[in-house]
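# Fold and contact review
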Amino acid sequence: MNVFAVAMLGILVTMLLALVRAFLGPTVYDRVLAANMFGTKTVLLIAVSGFLTGRPEWLDLALIYALMNFTGMIALLRFSKFENLAHDEQGK
Amino acid sequence: MGTFVVGSMIEVTLFAFMIALTLYIARIRSLFAAAMLFGIFSLISAGMLTLMDAVDVAFTEAAVGAGISTVLFLGALGLTASEETRPLHHRLSAKLVVIATGLMLAWGTLDMPAYGDPDAPIHHHVAPHYLEDSEEEIGIPNVVTSVLASYRGYDTFGETTVVLTAAVGAMLLLGGGLTRARDDDPDADAHGEGSA
């Protein structure tokens, strides 16, 4: 049992906690935060599993996921605030 | 051996998360929460696919499932109600059909070769040829690119045509912003012509 397996266990437990928050809600903000948290945990899962299986190149993959998670979250938050992606006015 | 056991435990845990998410999405009535949970489901699938070494499929799943689909779901929610109406009664026959189909699909997987089996037919068809000779035959270092762009070039060309046709059809159906702007403001006609 090496250090990466322990880190993986921690990531899976954190994923479970984020999942519980996404299930329980109760507000929109809780669920958006849980989804963002889960995206971050996916980045860590991929990075750590790369080291766990002896392929540290997977760190690059994890970086791409981090970028995608960030862009997706911006789009999501913009959409929940302005109800479109192109203009700044609300509900137009 | 130790790595294998740890890997299987990770996959089992992620599968358990996915099953819990599916059951919860089926039960939940708030459609915004369902859209968020679908995004999380896609992220778990992407993690699973990465663990199975299908990194390109995994990234497509993450970008489409957790990225653009969630935004499209929210766009649809902005146009409709954000709460699912409660069904008047649960149809038992529908549940039975779904369960029977699921069992048949699970039964069908029994015929498949074991996961990671090196003797599986897919590893003995054209894959060795691609891996050994594609650099010399095509001249592209990345095997996946040479398969997509050259060995299956016609296939990719057809797919691109299908996607283009679908996009053109969707744009025609939605009408685009230009016609609506002209209806609102008769002076916009000249601007529309100029910028187009």
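Residues numbered from 1 in each chain as written. Chains lettered and ligands numbered in written order. Predicted model: local features only at pLDDT ≥ 70, side-chain atom pairs only at ≥ 80, totals over all residues. Heavy atoms only, no water.

## Things to note about the packing of aromatic side chains
Throughout the structure, instances matching the rule amount to five aromatic pairs over all chains. Summarising the aromatic geometry, the rings of F4(A) and F51(A) are spaced 5.4 Å apart at their centres and angled 15° between planes, so their arrangement reads as stacked. Highlighted residues: F4(A) in helix α1 (residues 3-24) and F51(A) in helix α2 (residues 28-52), separated in sequence by 47 residues. Assessed through its relative accessible area of 31%, F4(A) is described here as partly exposed. Residue F51(A) is classed as partly exposed on the basis of its relative accessible area of 33%. With 4.3 Å between their ring centres and 25° between their planes, F23(A) and Y24(B) make a pair best called stacked. Of this pair, F23(A) sits in helix α1 while Y24(B) sits in helix α1 (residues 2-27), on two different chains. (Phe/Tyr/Trp six-rings, centres within 6.5 Å; stacked < 30°, edge-to-face > 60°. Helix = DSSP H or I, 4+ residues; strand = E, 2+ residues; numbered from the N terminus. Buried < 20%, exposed > 50% of the residue type's maximum accessible area, 1.4 Å probe, protein only.)

## Quick notes on the layout of surface pockets
Residues and elements named next belong to chain B. The space that makes up the largest pocket amounts to roughly 1,000 Å³. Forming the walls of the largest pocket are 27 residues, and the residues nearest its centre are M52, A54, I122, H123 and A127. Contributing elements (two or more residues each) for the lining of the largest pocket: α3 (55-79), α5 (127-137) and α6 (143-151). With four residues, α6 is the single largest residue contributor to the lining of the largest pocket. Looking at the lining of the largest pocket residue by residue, the class counts come to 19 nonpolar, four polar and four charged. (1 Å grid on protein atoms, 1.4 Å probe; cavity = no way out; pocket = protein on both sides within 12 Å on 5 of 7 lines; lining within 4 Å. Points joined across faces, edges and corners; volume = space filled by probe spheres on them. Nonpolar A, V, L, I, M, F, W, Y, C, P; charged D, E, K, R; others polar.)

## Quick look at the packing of helix α2 (residues 31-51) of chain B against α3(B)
Residues and elements named next belong to chain B. Where α2 contacts α3, the axes come no closer than 7 Å and their chain directions differ by 175°. It follows from the interaxial angle that α2 and α3 lie roughly antiparallel. Judged by residue contacts, L31, F32, A35, M36, F38, G39, S42, L43, S45, A46, L49 and T50 of α2 engage V55, V57, A58, E61, A62, G65, A66, T70, F73, L74 and L77 from α3. Across the contact of α2 with α3, the residue classes tally to 16 nonpolar, six polar and one charged. (Axes fitted to C-alpha atoms, helices over the stretch in contact; angles between N-to-C directions. Parallel < 35°, antiparallel > 145°, perpendicular 65-115°, else oblique. Contact = heavy atoms within 4.5 Å.)

## Thoughts on the pattern of salt bridges
Any two side chains of opposite charge can pair, so long as their charged atoms come close to each other. In the structure shown here, the tally under the stated rule is one salt bridge over all chains. Of the charged contacts, one joins R55(A) and D53(B) as a salt bridge, the two residues approaching to 3.1 Å between their closest N and O atoms. With R55(A) in the loop between α2 and α3 (58-82) and D53(B) in the loop between α2 and α3, the pair connects residues from two separate chains. Using a relative accessible area of 26% as the deciding quantity, one classes R55(A) as partly exposed. The class of D53(B) is partly exposed, set by a relative accessible area of 43%. (Salt bridge = Lys/Arg side-chain N within 4 Å of Asp/Glu carboxyl O.)

## Some remarks on the interface of chain A and chain B
The extent of an interface is frequently quoted as the accessible surface area lost upon association of the parts. Taken together, the contacts link 31 residues of chain A with 31 residues of chain B. Summing both partners gives a buried area of about 2,800 Å² for chain A against chain B, and 86% of it is carried by carbon and sulfur. For the pair chain A and chain B, the number of links is one salt bridge. For the pair chain A and chain B, the number of links is four residue pairs in polar contact (both at pLDDT 80 or more). Mapped by element, the contributors of at least two residues to the side of chain A that touches chain B are α1, α2 and α3 of chain A. For the side of chain A that touches chain B, the element with the most residues is α2(A), which contributes twelve residues. Class assignment of the residues belonging to the side of chain A that touches chain B gives a composition of 25 nonpolar, four polar and two charged. (Buried area = accessible area lost by both parts, 1.4 Å probe. Polar contact = N/O pair within 3.5 Å; in protein donor to acceptor, adjacent residues only side chain to side chain.)

## Notes on empty space enclosed by the protein
In total, this model carries one cavity of 30 Å³ or more according to the counting rule given. A volume near 150 Å³ is recorded for the largest cavity. A35(A), N69(A), M73(A), A66(B) and T70(B) are the residues nearest the centre of the largest cavity, which is lined by 14 residues in total. Looking at the lining of the largest cavity, the elements that each hand over two or more residues are α3 of chain A together with α2 and α3 of chain B. Considering each element in turn, the lining of the largest cavity owes the most residues, five residues, to α3(A).

## Description of a nonpolar patch on the surface
Taken together, V3(A), F4(A), F51(A) and L59(A) make up a surface patch of nonpolar side chains, about 340 Å² in accessible area. On the secondary structure map, L59(A) appears in helix α3. (Patch = residues over 30% accessible without salt bridge, like charges linked within 9 Å, V, L, I, M, F, W, Y side chains within 5 Å. Areas by Shrake-Rupley, 256 points an atom, 1.4 Å probe, with all protein chains shown as cover.)

## Comments concerning the confidence of the model for chain B
All names here are of chain B. Summarising the model, chain B shows a mean pLDDT of 80, and 86% of its residues fall at 70 or more. Taken element by element, the predicted model of chain B shows its lowest mean pLDDT in helix α9 (residues 188-195) (45) and its highest in helix α7 (residues 153-174) (92). Contacts of residues 188-196 to residues separated by more than four positions or lying in other chains number four contacts, the stretch itself having pLDDT below 50. Across the whole predicted complex the pTM is 0.74, and at the interface the ipTM reaches 0.86. (pLDDT = per-residue confidence, 0-100.)

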